[in-house]
Amino acid sequence: MTELRVVRSTRTSRVALVVGIALVVVAATMPAWAESSWMRDFVEIACYFVFALMWNLLAGYGGMVSIGQQAFFGLGGYLMLMLGNLAGVNPFVAIPLAALGTAAIALPVSWIAFRLQGGYFAIGTWVIAEVFRLSFANMSIVGGGSGTSLTALRGIERATREALTFWFALAAVVLAIAGVYLFLRSKLGLALLAIRDSEVAAESQGVDVRRTKLWVYLAAAFGAAFAGALYFVGNLRISPDAAFSVNWTAFAIFMVVIGGIGRIEGPIVGALIFWALNRAFSDYGTWYLMGLGLIAIVVTIFFKQGLWGWLQQRWGWSLFPTMRWLAAAPSPSPSSSSEVSHAQHR
Amino acid sequence: MLDTLIQGLLLGGLYALFALGLSLMFGVMRLTNTAQGDFIVLAAFVVIALAPLVARSTLGATLLTLPLAFAAGYALQRWVLNGTLGRDPLPSLVVTFGLSIVIQNVLLELFSADPRSLDSGGFNTRGLALGGGVAVGALPLAIFGMALAITAALQALFDRTALGRAFRAVSDDREIAELMGLDARKVYALATAIAFVVIAVGGALQAMRTTVAPSDGPLLLLFAFEAVIIGGMGSFWGTFAGAMVLGLAQQVGFRLDPGWGIWVGHLVFLAVLVVRPQGLLPRTRG
């Protein structure tokens, strides 16, 4: 009789974990030796990346395609600024508080947004983001339409501020990846993958579809707000047009679609590509943006799985496996043993 | 008060023209065109660019644009958007959203960020006195009449013609409709082609009434979308009624404070979503 056991990791994923930890340890020492422009770059791309990872969780796993996630990015930024400037909270302490506050606001927002589905959900969330933008543009206490500066950081020395911002960004990246990964490997994550594959089938197996989707929505709002709060701590200045710009979601969609939607590696690859393109071509302004739009269209039509999806199909790479394989061999390798995948990637 | 009411309804006429195309495309193939507003702006710029070729006649340029819009809509649906349809809304959303960014930046490159308008030969300054100190502009009134006529025409097309029957059939059940001999891809392409003609009319009238700039698209999309949802899906008269409600709400908001007009419109939309999510005149199919 053959012993069956559940396999949840691959050799690639174990190697990736070791390499990842080594990279993070090296990166953590950057404030001691790196130039401050590198750290600023890292903070910026980290905010883009965390925001994109959250959009991927929402759209790629939760099936909720939103064009309004900038609502939570901006709210995170504004709540952090208000806690810092008006309530005297240390801005670094205010970052997680702002994210929590935004998640609390996202709950009543979900009651409205969840009335719509599919494409109409996407535009409905955009309207909600516009409501927040216009509301903050009319609030004179935070500078109205022209925005205001984060004065609460004045007492902190520049080097300390930059190092702290950098470590916060690094921690945000690590925690966001780990959080999403562990969530997807949990029971709730399995439920989410089941919903994505078939809502009706999942419901018939006892999955509470509405509740699971709500949790994902709130988690994505929390993450987006964290990225927003962190971004404006690094930026020192906020305005409604910058905070609630639809470009945040546009860039997130670009990164996720290019890298590969519905997989954790997707936004990582996408963020690296986006960063490289931004470095090389952003001086070309309108042509650069036209190019991004065209790439997104072409990839969506011809390479639905994105770059990482293509690599995965070709070589079976998976850095963050969320699958469960049933393996019979004593020392199993998922690609060679006869396997049953319960929850597969797209 | 009466003045605000009339101005709101007339503004709603323009929004109805923006919204009908969105309503049509969603109704026939469940496609959410996030580039709706950008296509409106693009059509307006095409009219502006063509005007010098036809002796600066705005009417001539608009009439020239309509068949172009029909062909562009047909081709876009047939060879690009049809490939993105399916159970998953993501591909069509990403492709139309990408188109939106491409259109905005192409227009920015060609026409700069300056707002432009179309010369309507003084028609936009003419007015009609209704008595009691209330006057309405001739152009807004004409736009309102045009919106009424196009709404009625689309509803009649859907209810009474063979093409309308084909639209309803592929909307209800694509597979069965194809078994009955319809080519869904061509039916879809015709739906988008017709939607684009309405979009072009809306764009030209918008440029006559006020101005258009390359970055205006997203806001126009949101107005169109709000009108569709307020009105309820699946009926053109519903979309028309939704546009009236939105126009009124914005006009009342503008009257209270010019900075809050659009905000009030958004809030009325959200309120309708909470209180009556099926919209005012729903007739959802499938």
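Residues numbered from 1 in each chain as written. Chains lettered and ligands numbered in written order. Predicted model: local features only at pLDDT ≥ 70, side-chain atom pairs only at ≥ 80, totals over all residues.

1. A short note on the overall build of chain A
Across its full length, chain A carries 15 helices and 4 strands. Radius of gyration (C-alpha) of chain A: 21 Å, near the 20 Å computed for a compact globule of 346 residues. For chain A, the C-alpha atoms occupy an extent of roughly 70 × 50 × 40 Å along the three principal directions. Counting the 346 residues in chain A, one finds 46% classified as buried. (Helix = DSSP H or I, 4+ residues; strand = E, 2+ residues; numbered from the N terminus. Rg over C-alpha atoms; globule rule 2.2 N^0.38 Å. Buried ≥ 20, exposed ≤ 12 C-beta atoms within 10 Å, placed from the backbone.)

2. A word on the overall build of chain B
On a plain count of helices and strands, chain B comes out with 11 helices and 2 strands. The linear arrangement of helices and strands in chain B, starting from the amino end, is α-α-α-α-β-β-α-α-α-α-α-α-α. Compactness check: chain B gives a C-alpha radius of gyration of 19 Å against a globular reference of 19 Å for 286 residues, within 12% of the reference. Taking the principal axes of the C-alpha coordinates as reference, chain B spans close to 60 × 50 × 35 Å. When the 286 residues of chain B are sorted by exposure, 53% land in the buried category.

3. Re helix α3 (residues 58–79) of chain B
Helix length check: α3(B), at 22 residues, gives a terminal C-alpha distance of 31 Å against a target of 32 Å (1.5 Å per residue), a fit within 8%. Taken together, the buried residues of α3(B) touch α2 (36–50) and α8 (184–209) of chain B. (Expected span 1.5 Å × (residues − 1). Contact = placed C-beta atoms within 7 Å.)

4. What about the interface of chain B and chain A?
Contact with chain B, which involves 36 residues of that partner, is made by 30 residues of chain A. Of all the elements in the fold, those that place two or more residues in the side of chain B that touches chain A are α4 (90–111), α9 (217–231) and α11 (261–275) of chain B. At 15 residues, α4(B) tops the list of elements feeding residues into the side of chain B that touches chain A. A per-class count over the side of chain B that touches chain A returns 25 nonpolar, 9 polar and 2 charged. (Nonpolar A, V, L, I, M, F, W, Y, C, P; charged D, E, K, R; others polar.)

5. Comments concerning unusual backbone geometry
Residues and elements named next belong to chain B. Unusually for a residue other than glycine, R30 sits at a positive phi of about 55°. Residue R30 is classed as partly exposed on the basis of its 18 C-beta neighbours within 10 Å. Of note in the backbone geometry, S112 takes a positive phi value of approximately 65° without being a glycine. By secondary structure assignment, the location of S112 is in the loop between α4 and β1 (127–131). By the C-beta count within 10 Å, which is 11 here, S112 ends up exposed.

6. Regarding the packing of helix α4 (residues 70–85) of chain A against helix α6 (residues 118–137) of chain A
All names here are of chain A. Where α4 contacts α6, the two axes come as close as 8 Å, and the packing angle between them is 25°. The angle between the axes of α4 and α6 places the two elements in the roughly parallel class. Across the interface between the two elements, Q70, A71, G74, L75 and Y78 of α4 pack against T125, I128, A129, F132, R133 and F136 of α6. A breakdown of the residues in the contact of α4 with α6 according to their chemical character gives 7 nonpolar, 3 polar and 1 charged. (Axes fitted to C-alpha atoms, helices over the stretch in contact; angles between N-to-C directions. Parallel < 35°, antiparallel > 145°, perpendicular 65-115°, else oblique.)

7. What to know about the nonpolar core
Core analysis: the biggest nonpolar cluster contains 205 residues, and A:V50, A:F51 and A:A225 have the highest contact counts within it. Those residues within four positions of A:F51 in sequence are excluded, and the remaining contacts are A:F73, A:A224, A:A227, A:W248 and A:A252. (Core = buried A, V, L, I, M, F, W, Y, C linked by C-beta atoms within 7 Å.)

8. Regarding the confidence of the model for chain A
For chain A, per-residue confidence averages 87 on the pLDDT scale, and 94% of positions sit at 70 or higher. Counting contacts from residues 332–346 of chain A, a segment whose pLDDT is below 50, to residues more than four positions away or on other chains yields 33 contacts. (pLDDT = per-residue confidence, 0-100.)

9. Notes on the pairing of strand β2 (residues 134–137) of chain B
All names here are of chain B. Examined bridge by bridge, β1 and β2 share 4 bridges and lie antiparallel to one another. Residue pairing in the sheet places G131 in a bridge with V134 of β2. Hairpin connection, β1 to β2: the antiparallel pair is bridged by 2 residues, and G132 has positive phi, about 70°. (Pairing = 2+ DSSP bridges.)

10. Some details on the confidence of the model for chain B
The predicted structure's coordinates, where accompanied by low pLDDT, should not be read in detail. On average, residues of chain B score 91 in pLDDT, and 99% of them reach the 70 mark or higher. The ipTM value of the predicted complex is 0.92, and its pTM value is 0.91.

11. Notes on the environment of A:L150
All names here are of chain A. Looking at the secondary structure, you find L150 in the loop between β2 (148–149) and α7 (158–185). A count of 20 C-beta atoms within 10 Å places L150 in the buried class. C-alpha separation for the pair L150 and I21, spaced 129 residues apart in sequence, amounts to 33 Å. Apart from the residues within four sequence positions on either side, L150 is in contact with L81, G84, N85, P91, F232, V233, L236 and R237.

12. Looking at the packing of helix α1 (residues 2–29) of chain B against helix α10 (residues 236–256) of chain B
Residues and elements named next belong to chain B. With their axes 6 Å apart at the nearest point, α1 and α10 run at an angle of 135° to one another. Here α1 is positioned oblique relative to α10, judged by the angle of their axes. Once α1 is placed against α10, the crossing between them reads as right-handed. Class assignment for the residues of the contact of α1 with α10 results in 14 nonpolar, 10 polar and 1 charged. (Left-handed = near helix turned anticlockwise from the far one by under 90°.)

13. Let's talk about α11(B)
Along an α-helix, residues three or four apart share an orientation, since each turn contains 3.6 residues. Compared with the 21 Å implied by 1.5 Å per residue over 15 residues, the 21 Å span of α11(B) between its first and last C-alpha is a close match. Here α11(B) has its buried residues at B:W263, B:V264, B:G265, B:H266, B:F269, B:L270, B:V272 and B:L273. Contact partners of the buried residues in α11(B): α5 (91–113) and α6 of chain A together with α9 and α10 of chain B.

14. Points about the environment of A:S245
Residue and element names in this part refer to chain A. When you line up the elements, S245 lands in the loop between α11 (240–243) and α12 (246–259). Accessibility expressed as a C-beta count within 10 Å gives 17 for S245, which makes it partly exposed. For the pair S245 and A52, spaced 193 residues apart in sequence, the C-alpha separation works out to 15 Å.

15. Notes on the environment of A:E35
For A:E35, the position within the fold is in the loop between α2 (30–33) and α3 (36–61). Sequence separation between A:E35 and A:A176 is 141 residues; the distance between their C-alpha atoms is 25 Å.

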